[in-house]
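One letter stands for each residue in the lines below.
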Amino acid sequence: MRPILFFVILFLISCTKESSLPSRYDSRVVGAVSSFKEQSWGTCWAFATVSTLESNLLRGSEWSKSGESSQVDLSEYHLDKFNGFNRSGRKGDRQEGWYSGQGEKFIGSNHDEPDDGLVVHLGGDYQVSSAYLLSVGGAVQERLTPAVNNRDYNSFGNTPSDGVLLKNNYKYFLPRDMEWLSFSGSDEEKREKVKKAIMKYGAVASSQNMRDEPLAIASDGLEIHMNVTEKKLNHAVSLVGWDDSIVYKNHKGAWIVKDSDHKDEKTGKHIGIFYIMYDDLHAAKDKYMGAIAFSNIKENSFKDILTHSLHGWRYNTNDNLEYIRSVFKMSRDGNLSKVGYVSLDKDNEVNLDIFVNKKKVTELNFRHSEVGIFVRDLEGVAFKEGDLIEIYQRNTSGKYGFDGSFMMEVLLGKLPKWGDPVSVSSRAQPGEAFYKLKGLANERDFSQYAQLDWIASKKEKDKVSQTASPTLFLFLD
């Protein structure tokens, strides 16, 4: 082959990735965008999560297969109330307007710790969302929850038995794949992955630093937004399409964004759709909040869910662990039907060995192209009351996800008091899980696992208990 022809072919191959995608795509056109809703309080993260789940359901048949005859509509405020991170209310917590903390009667979902956890309605992230989906069993139908708004905080409810109910004969819709598409790669690689995910799933959850006034108005009348300076996030949205032809100054190409909060400065009306330029600092780029695909959603049936990691996945171990071993003592007879776990690094191979009373009963092997949380089915794992279930997880990456105490930067920063970082403590106890370092013979208790970049400062160390547990969820029938 002639050298010139060879280099031309290489050039053409290198240009086929993103150019093979359409220059404009809008999930609204294919009916994969659910109804536009306006949030109350600081719940954008819950609305963006649910919007993404709804788009995925609209792309498939799982909603109708479940027997639901109404339009696809999941509950944002069930996620807001029962996510497992909320602290109980305190005397003096405001109960009016969008800034409501629900008051001193509110019973939080963070194991009733009065000084530890998020203030309800005032921020969250997609790791909070994933922890909720795993610990509750999935998102639930909106039609079985009351209409909630910031003009009547009692409609939300202060306990699991009033307002939005923890249990109400719900059907649970659980994404089996929760992938962090922006965890690694160049900006161009991330953009290509997000575009493909939007075409396949309908929407991808994302975030931005939002300012009310737009930079410009596009020819179709939609606002154009972009942040290239502010490093802190303050708003969650879902990406439902793109348009490569949108231009603002020397910036070209934009995401089509579905939103639950932004309002027109002149009319005060809710704006449900606008553009964010590709060159935005965070959208489709931020490591943990830029692009999360909640997909492969199935109706989930279960009787109980067991975990030592109430707050799901918050941290990553270093890469010198040979395996982690999680231990569960069973309180009744039943079957282990599904397991949820974290996979770290691209093209990571995950091996799960499952033992009942020290006898290996099954083995699972998976390969995941993206970082994320995954739920997979199990068969033939029966247990009886008093049995000991042990799960060994081995990752070729040597890295594992875990829940540890942390200081959370809420999206609603710069607000007085409640916009400050909030402590959320792990519930891990000794004897629940263990890890083995490569090259060492003995295991160590995972509750004492720590690394230099886990707790960032002495000030934070003084605020939270430094215990940890590997992120693992067992679904029991």
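Quick caveat, the model's predicted, so the values are computed rather than measured.

This part takes up the overall build of the protein. Looking only at helices and strands, one finds 7 helices and 25 strands in the protein. At 23 Å, the protein has a C-alpha radius of gyration in line with the 23 Å of a compact globule built from 477 residues. Taking all 477 residues of the protein together, 58% fall into the buried category. Long-range pairs, those at least 24 residues apart, make up 76% of the contacts in the protein with a sequence separation of at least 6. About 20600 Å² of surface is accessible on the protein, with carbon and sulfur atoms providing 50% of the total. Counting 61 positive and 66 negative side-chain charges, the protein places the averaged centre of each group 2 Å from the other.

What follows concerns the sheet that holds strand β12 (residues 321-329). Whenever strands of a sheet pair, they do so through backbone hydrogen bonds, lying parallel or antiparallel. Strands sit in the order β15-β14-β18-β12-β22-β23 across an open sheet of 6 strands; the sheet is antiparallel. Looking along the sheet, the strands with just one partner apiece sit at the ends: β15 (359-368) and β23 (444-445). Where strand β14 (residues 348-356) lies against strand β18 (residues 388-395), 7 bridges are found, and the strand directions are antiparallel. Counterpart to V350 in the pairing with β18 is N395.

Between helix α2 (residues 44-58) and helix α5 (residues 126-136), whose axes approach to 9 Å, the crossing angle comes to 60°. The angle between α2 and α5 falls in the class oblique. Once α2 is placed against α5, the crossing between them reads as right-handed. Two secondary-structure elements touch here, α2 through W45, A48, T49 and L53 and α5 through Y126, V128, S129 and L133.

Glancing now at the confidence of the model for the protein. Atomic detail in the predicted coordinates should be set aside for any region of low pLDDT. Scored by pLDDT, the protein has a mean of 90; 91% of the residues are at 70 or more. In the model, residues 3-17 has pLDDT below 50 throughout and makes 3 contacts with residues more than four positions away in sequence or in other chains. Every residue in residues 452-463 is under pLDDT 50, and counting partners more than four places away or in other chains gives 18 contacts.

Moving on, we get to the sheet that holds strand β24 (residues 468-470). Within the open sheet, the 3 strands sit side by side as β11-β19-β24. Their pairing is antiparallel. Looking at strand neighbours, the two that pair on one side only are β11 (315-316) and β24, the edges of this open sheet. Inspection of the sheet shows β11 paired to strand β19 (residues 401-404) by 2 bridges, in the antiparallel sense. Each residue of the ladder has a partner; that of Y315, found in β19, is F402.

Let's shift gears to the packing of aromatic side chains. For the structure shown, the criterion picks out 27 aromatic pairs. Through pairs of rings, three or more aromatic residues link up here, namely W41, F47, Y77, F106 and F156. Geometry around F36 places K258 over its ring, the cationic atom sitting 5.3 Å from the centre. The positively charged end of R376 is found above the aromatic ring belonging to F366, 5.8 Å away from the centroid.

This brings us to the environment of N149. Within the fold, N149 resides in the loop between α5 and β2 (172-180). Overall, N149 belongs to the partly exposed group, its relative accessible area being 21%. In this structure the C-alpha to C-alpha distance between N149 and D445, which are 296 residues apart in sequence, comes to 45 Å. Residues within four places of N149 in sequence aside, it is in contact with S40, W41 and S155. A distance of 2.9 Å separates the side chain of N149 from the backbone nitrogen of R151, its partner in a polar contact. From its side chain, N149 meets the backbone nitrogen of D152 in a polar contact 3.1 Å long.

This part is about the side chain of S469. Along the polypeptide, S469 turns up in strand β24. Of note is the side chain of S469, whose polar atom sits 3.0 Å from the backbone oxygen of H308. With near-sequence residues (within four places) excluded, S469 lies in contact with H308, S309, F402, D403, A428 and F446.

Across soluble globular proteins, you tend to see nonpolar side chains buried next to one another. Of all hydrophobic cores here, the largest spans 62 residues; its most connected members are Y126 and F446. The contact partners of Y126, leaving out residues within four places of it in the chain, are W45, A48, T49, W180, A205, S206, A236, V237, Y288, M289, I292 and F294. Membership of the second largest hydrophobic core comes to 21 residues, among which are L21, L239, Y278 and A293.

Under the 1.5 Å per step criterion, the end-to-end length of helix α6 (residues 187-201) is 21 Å for 15 residues, consistent within 8% with the ideal 21 Å. Taken together, the buried positions of α6 are K190, R191, E192, K193, V194, K195, A197, I198 and Y201. Where α6 terminates, the next one or two residues include G202, which has phi positive at roughly 100°.

Looking now at the pairing of β15. Relative to β15, β14 is paired through 9 bridges, and the arrangement is antiparallel. In the sheet register, E349 faces β15, and the bridge partner there is R367. Linking β14 to β15, which pair antiparallel, is a turn of 2 residues; within it N357 sits at a positive phi near 55°.

Attention now goes to the pairing of β18. For β18, the tally of buried residues reaches 6 of 8 residues, placing the bulk of the element in the interior. Direction of pairing for β12 relative to β18: antiparallel, over a ladder of 6 bridges. Following the sheet pairing, F328 is matched in β18 by I389.

For the rest of this paragraph, the subject is the side chain of D387. Mapped onto the secondary structure, D387 falls in the loop between β17 (382-383) and β18. Summary of buried charges: D387 has no salt-bridge partner, and the nearest side chain of opposite charge, K384, is 7.1 Å away. With near-sequence residues (within four places) excluded, D387 lies in contact with F328, K329, M330, V356 and N357.

Rules and cut-offs
Residues numbered from 1 in each chain as written. Predicted model: local features only at pLDDT ≥ 70, side-chain atom pairs only at ≥ 80, totals over all residues. Heavy atoms only, no water. Helix = DSSP H or I, 4+ residues; strand = E, 2+ residues; numbered from the N terminus. Rg over C-alpha atoms; globule rule 2.2 N^0.38 Å. Buried < 20%, exposed > 50% of the residue type's maximum accessible area, 1.4 Å probe, protein only. Contact = heavy atoms within 4.5 Å. Areas by Shrake-Rupley, 256 points an atom, 1.4 Å probe, with all protein chains shown as cover. Lys, Arg positive; Asp, Glu negative; His and termini not counted. Charge placed at Lys NZ, Arg CZ, Asp CG, Glu CD. Pairing = 2+ DSSP bridges. Axes fitted to C-alpha atoms, helices over the stretch in contact; angles between N-to-C directions. Parallel < 35°, antiparallel > 145°, perpendicular 65-115°, else oblique. Left-handed = near helix turned anticlockwise from the far one by under 90°. pLDDT = per-residue confidence, 0-100. Phe/Tyr/Trp six-rings, centres within 6.5 Å; stacked < 30°, edge-to-face > 60°. Lys NZ or Arg CZ within 6 Å of the ring centre and 35° of its normal. Polar contact = N/O pair within 3.5 Å; in protein donor to acceptor, adjacent residues only side chain to side chain. Core = buried A, V, L, I, M, F, W, Y, C linked by side-chain atoms within 4.5 Å. Expected span 1.5 Å × (residues − 1). Salt bridge = Lys/Arg side-chain N within 4 Å of Asp/Glu carboxyl O.

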